[in-house]
Amino acid sequence: MGEAPSTTTSGSVAGSATSLPFAVHVIRGRWFSLFASFLVMTGAGATYLFGVYSKDIKSSLGYDQTTLNLLGFFKDLGANVGVLSGLIAEVTPTWFVLLLGSALNFGGYFMIWLAVTNRIAKPKVWQMCLYICIGANSQNFANTGALVTTVCNFPESRGVVLGLLKGFTGLSGAIMTQIYLAIYGNDSKSLILLIAWLPAAISVVFVYTIRAMTLVRQPNELRIFYRFLCVSIFLALFIMGMTIAQNIVTFSRRAYAGSASVVIFVLFVPLFMAIKEELNLWVRNKHQPVIVPDVKIENMNQNHEHQSTNPTSLELDNPNSKPIAKTSCFANVFLNKPERGEDYSILQALLSTDMLILFVATFCGLGTSLTAVDNLGQIGESLGYPTKTIKSFVSLLSIWNYFGRIFAGFVSEILLVKYKFPRTLMFTLVLFLSCAGLLLIAFPIPGSVYVASIIIGFSFGAQLPLIFAIISELFGLKYYSTLFNCGQLGSPLGSYILNVRVTGPLYDREALKGLAKKGLDRSAVKELVCMGNHCYRSSFIILACVCCFGGLSSLILVIRTRKFYNGDIYKKFRDEAQIIAT
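This one's a predicted model, so the numbers in the text were calculated from it and none came from an experiment. (Residues numbered from 1 in each chain as written. Predicted model: local features only at pLDDT ≥ 70, side-chain atom pairs only at ≥ 80, totals over all residues. Heavy atoms only, no water.)

**Points about the packing of aromatic side chains**
Operational definition: For this analysis, a ring pair means two rings from Phe, Tyr or Trp (six-membered ring only for Trp) whose centres lie within 6.5 Å, classed as stacked if their planes differ by under 30 degrees, edge-to-face if by over 60, and tilted for the remaining angles. Here a strand is any run of E in DSSP of at least two residues, a helix any run of H or I of at least four, and the numbering for each starts at the N terminus. Each residue is assigned to one of three classes by its accessible area relative to the maximum for its type, calculated with a 1.4 Å probe on protein chains only: buried under 20%, partly exposed between the two thresholds, exposed over 50%. Working rule: Lys NZ or Arg CZ, within 6 Å of ring centre, within 35 degrees of ring normal, means a charge sits over the ring.
Evaluation of the coordinates by the stated rule reveals 28 aromatic pairs. When the centroid spacing of 5.7 Å and the interplanar angle of 75 degrees are considered together, the rings of phenylalanine 22 and tryptophan 282 count as edge-to-face. Here the residue phenylalanine 22 occupies a position in helix 1 (residues 3-27), and tryptophan 282 occupies one in helix 12 (residues 269-287), the gap between them amounting to 260 residues. Between the aromatic rings of phenylalanine 407 and phenylalanine 458, the centroid separation amounts to 5.4 Å while the plane-to-plane angle is 50 degrees, which identifies the pairing as tilted. Of this pair, phenylalanine 407 sits in helix 19 (residues 387-419) while phenylalanine 458 sits in helix 21 (residues 448-475); the two residues are 51 residues apart in sequence, bridging distant segments of the chain. On the basis of relative accessibility, which here comes to 33%, the residue phenylalanine 407 falls in the partly exposed class. Among the aromatic residues, those joined into a ring-pair cluster are Trp31, Phe38, Phe154, Phe168, Phe225 and Phe228. A cation over a ring is seen here: arginine 30 above tryptophan 31, with NZ or CZ 5.9 Å from the ring centre.

**Brief notes about the confidence of the model for the protein chain**
As a reminder of what qualifies: By definition, pLDDT measures how confident the predictor is in each residue, and it falls between 0 and 100. Throughout, a residue-residue contact means that at least one pair of heavy atoms, one from each residue, lies within 4.5 Å.
Confidence along the protein chain averages 82 in pLDDT terms, with 85% of residues attaining 70 or more. Note that pLDDT drops below 50 for residues 1-17; the model gives that stretch 0 contacts with residues more than four away or on any other chain.

**Things to note about the packing of helix 2 (residues 30-42) against helix 8 (residues 158-184)**
Rules: Note on geometry: axes are lines fitted to C-alpha atoms, helical ones only across the stretch in contact, with angles between N-to-C directions running from 0 to 180 degrees. Convention used here: angles under 35 degrees read as roughly parallel, angles over 145 as roughly antiparallel, angles from 65 to 115 as roughly perpendicular, and any remaining angle as oblique. By convention, the crossing between two helices is left-handed when the near helix turns anticlockwise from the far helix through less than a right angle, and right-handed when the turn is clockwise. Just so you know the grouping, Ala, Val, Leu, Ile, Met, Phe, Trp, Tyr, Cys and Pro go in nonpolar, Asp, Glu, Lys and Arg go in charged, and all remaining residues, Gly too, go in polar.
Taken N-terminus to C-terminus, the directions of helix 2 and helix 8 make an angle of 45 degrees; their axes are 7 Å apart at the nearest point. Here helix 2 lies oblique to helix 8, going by the angle between them. Along this stretch, helix 2 crosses helix 8, giving a crossing that reads as right-handed. Taken together, the residues of helix 8 that come into contact with helix 2 (itself represented by Ser37, Phe38, Met41 and Thr42) are Leu164, Leu165, Lys166, Phe168, Thr169, Ser172, Ile175 and Met176. Here the contact of helix 2 with helix 8 is composed, by residue class, of 7 nonpolar, 4 polar and 1 charged.

See the structure below:
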């Protein structure tokens, strides 16, 4: 009888000794890193909520629409100029990038919250522009730290990975809306506070679990991603159902809390799926060796032969040989560029014709979409919709933003692999779809803003994964953290010209005409508001024409890259990857 306790104790010790290494294996695994990236990206979409709290900024600080659109531009500038985060990621570890991003997020949005709630003296306009630019710029650090790292960990499934991660970013606005309604009620000023602390906290918690790992390919990899897709689709449909219900029925604080609890639970379902996959890998690694393809050894031999026949090495071996003429840096940048799909240098990529065309298309596509997103709150107000309905527009745009990203990621990957359908052509079709949504706002009919929110949200969401995937495919992954951020530089420029210089002044002009009809001038009102179908008509006709031009310009890229996309663009990654036997 004395031996039984000893056996039980030894069994428990053995179990704990086994569970601890497995826990470490899970936390350091690719699938747990992917789950952590989902959560980080869920907090990285606060910029899409500007339409909800912009009304509070406008009324609290007494801004006109042009000034508010100037704030919107600096938000877009911060959100899309991620060159700094890309360059920092080239020389620092991922954890530093994520921590720096969390600090910028909290600092920027917390100062906006203090200003809107009158806890500090009214800031100057340039100070508010600086605050929102800093807060929005943190999104790039989340993208660079989580998204770029995950794409490098799953290079052969990059379209799917981009679609999933950017899909969670697209859902971010709707998710945060549910959480803030549960915590703060219907106080949209408190939403700014939530935006300040929640994304920063997520990055801090998971900061050490997201990192680049050894390239390993699992045969069932795509099937696992489809499971994650099913979870995210369920989450999107649930939030859409809650959004519609909350617009029809008055929810109590307890009902909001219940809705938010379901959202948070579904967000953590991928954690259990990640643990399951890491357990499968744990068991396989114990019983089966990792099979390394022979092609990798051949590549090493080829590299050795290349080194032995390198002109520089021959020159060193044979002192009598004539010196080889050096190629100028200018020739390397403009003339001796790699083939599409190989690793470009940063200058080679940025100064290429393909990147220039992509820049023009991004300027037109993302610039017009961001302008529509930033003005959605005022569009609803000008057409006489109540505040609750305007929040529904923002939530619908956020949810369909998600569906656009998922569609662009998964469907473009399937069409590319099975039918050689170029991603550049899908990008063109998405831009033409966006034109239809912009025209629905220019010529509104009853209920058309609902449809416009869906179309613009879908097309806006679809553009981002396509742009990022096209950049990775055309210019390689070696400098992807920098090129990824450089590729969206056309977006803030488009937002500034189309939002600040076109849409804002045209709106204010219509509002001043309305005041003049009443015999008033600008000094008679604190907040400049325009009411009626005409408020955004001229500006959105211009936006639709610009977006159409972007679609036509992207057709040039389709023609230039058709031969490249007809080939096998993932072959080299299959050759280099380790394949885990099943």
